[in-house]
Amino acid sequence: MAGDDARLIDRFLEMMAAERGAAANTLAAYRRDLEQASDVLAGALVQAGEAGEAGLARLDHHWRDLASSTVARKSSALRGFFAFLQDEGLAEASAGNASTAIARPKVQRPLPKILSHDDIARLFTLAEERAAAPEARPSDLRLLALIELLYGSGLRASELVSLPRAAASIGRPLLAITGKGDKQRLVPISGRARDALACWLAVSTVETRWLFPSRTGHISRIRLFQLIKDFAASAGIDPARVSPHVLRHAFATHLLEGGADLRTLQTFLGHADIATTQIYTHVDSKRLVELVNRRHPLAQMNLADRQRRG
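Residues numbered from 1 in each chain as written. Predicted model: local features only at pLDDT ≥ 70, side-chain atom pairs only at ≥ 80, totals over all residues. Heavy atoms only, no water.

**Q** What is the right way to look at the pairing of strand S2 (residues 184-188) in this model?
**A** Only one face of S2 is buried, namely the one carrying Arg-185 and Val-187, since none of Gln-184, Leu-186 and Pro-188 on the opposite face is buried. Pairing geometry for strand S1 (residues 174-178) and S2, over 5 bridges, is antiparallel. Residue Ala-176 lies in a different strand from S2, and its bridge partner there is Leu-186. Joining the antiparallel neighbours S1 and S2 is a turn of 5 residues, in which Gly-181 adopts a positive phi near 65°. (Buried < 20%, exposed > 50% of the residue type's maximum accessible area, 1.4 Å probe, protein only. Helix = DSSP H or I, 4+ residues; strand = E, 2+ residues; numbered from the N terminus. Pairing = 2+ DSSP bridges.)

Following this line, the structure appears as structure tokens:
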């Protein structure tokens, strides 16, 4: 990768971090995509952008066998990079126009995996039985606290494992969460979850700043994934259907079914764009149709007409 490409990629990523609060994983993915594009073009990524459509044809050809979702991510990185160069006057004006020449593949967002209310009941019944048993181990109390927060508050796995011990202050109705891009939000914590956390803290005697500690810090996302998979199997549920993220999906789906609006759900989940939250509307379309038929003024007018005719 040529020096100019490397230097300008660094400057672009610095802007993304400082001005847009991009998460570390996002920055790493953008760096990887831009550096790979530069390698394909023999270190002449900036020059290819300045050349417009012709200069980017090699990239389109190189990406032809990749999945649409992968091409969409790479395209997004390139469009942002070239727009940054133009805004900062770091390349010829034509570089900004290169974003219109970059492929914009349509990506079908996959529907989230969900668990039924019966599945959730089976998980919690077993977790509560284990935690309440006379021979309960600290790991049983920890597991109950983990799934209470995954399903009861909709936390991401990374947010959950990195919770500080101070977050579990008894009596607080909300948890302060630091999510993607170091953005903070408040999420509800139920009375059940507070009780589960109190039981866990009573047996967690390790002096540490983490709510769910390990030998080297806090438990990892991989370890959380393993714990949830193993527990699902114990509850008689196919482990392939259950993960920390699936429990987060279940939180969102069941909350929407219960009458929550999308804006509230967006806040709880920490989505920057409500379009991300709208994926959950497919699971509750029946309730939404019934809501329109029951509450819309025209529906009330039709009811009044029927009553007069009757």
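**Q** Explain the pattern of salt bridges here, please?
**A** Where side chains of opposite charge bring their charged atoms close, a pairing between them can arise. Taken as a whole, this structure holds 10 salt bridges when the rule is applied. Between Arg-73 and Asp-33 there is a salt bridge, with the nearest N and O atoms lying 2.8 Å from each other. With Arg-73 in helix H5 (residues 68-87) and Asp-33 in helix H2 (residues 24-40), the pair connects residues that are 40 residues apart, well separated along the chain. The salt bridge involving Glu-128 is made with Arg-192; its shortest N-O contact spans 2.7 Å. Of this pair, Glu-128 sits in helix H7 (residues 117-132) while Arg-192 sits in helix H10 (residues 191-203), and the two are 64 residues apart along the sequence. One salt-bridge network, held together by shared partners, links Asp-10, Arg-31 and Glu-35. (Salt bridge = Lys/Arg side-chain N within 4 Å of Asp/Glu carboxyl O.)

**Q** Where do I start with the environment of Ala-196 in this structure?
**A** Relative to the elements of secondary structure, Ala-196 occurs in helix H10. Residues Ala-196 and Ala-145, spaced 51 residues apart in sequence, show a C-alpha to C-alpha distance of 5.0 Å. Setting aside residues no more than four positions away along its own chain, Ala-196 makes contact with Leu-144, Ala-145 and Glu-148. (Contact = heavy atoms within 4.5 Å.)

**Q** Honestly, the packing of helix H8 (residues 138-153) against H10 in this entry has me stumped. Any pointers?
**A** For any two helices packed against each other, one specifies the crossing angle of their axes together with the interaxial distance. It is the contact of H8 with H10, at a shortest axis distance of 8 Å, that shows an interaxial angle of 150°. One finds that H8 runs roughly antiparallel with respect to H10. The element H8 and its partner H10 pack so that their crossing is left-handed. Residues Pro-138, Leu-141, Arg-142, Leu-144, Ala-145, Glu-148 and Leu-149 of H8 touch H10, and the partners they reach there are Arg-192, Ala-193, Ala-196, Leu-197, Cys-199, Trp-200 and Val-203. Across the contact of H8 with H10, the residue classes tally to 11 nonpolar, no polar and 3 charged. (Axes fitted to C-alpha atoms, helices over the stretch in contact; angles between N-to-C directions. Parallel < 35°, antiparallel > 145°, perpendicular 65-115°, else oblique. Left-handed = near helix turned anticlockwise from the far one by under 90°. Nonpolar A, V, L, I, M, F, W, Y, C, P; charged D, E, K, R; others polar.)

**Q** Could you clarify how one ought to interpret empty space enclosed by the protein in this entry?
**A** In this approach the atoms are scanned with a rolling probe the size of a water molecule, which exposes any empty space left behind. Counted under the stated rule, the structure contains 2 cavities of 30 Å³ or more. Within this model, the largest cavity holds a volume of roughly 50 Å³. Every residue along the wall of the largest cavity is listed here: Leu-123, Phe-124, Ile-147, Tyr-151, Ile-228, Phe-231, Ala-232, Val-242 and Leu-247. Listed by contribution, the elements that provide at least two residues to the lining of the largest cavity are H7, H8 and helix H11 (221-234). In terms of residues, the lining of the largest cavity owes the most to one element, H11, which gives 3 residues. Looking at the lining of the largest cavity, its residues break down into 9 nonpolar, no polar and no charged. (1 Å grid on protein atoms, 1.4 Å probe; cavity = no way out; pocket = protein on both sides within 12 Å on 5 of 7 lines; lining within 4 Å. Points joined across faces, edges and corners; volume = space filled by probe spheres on them.)

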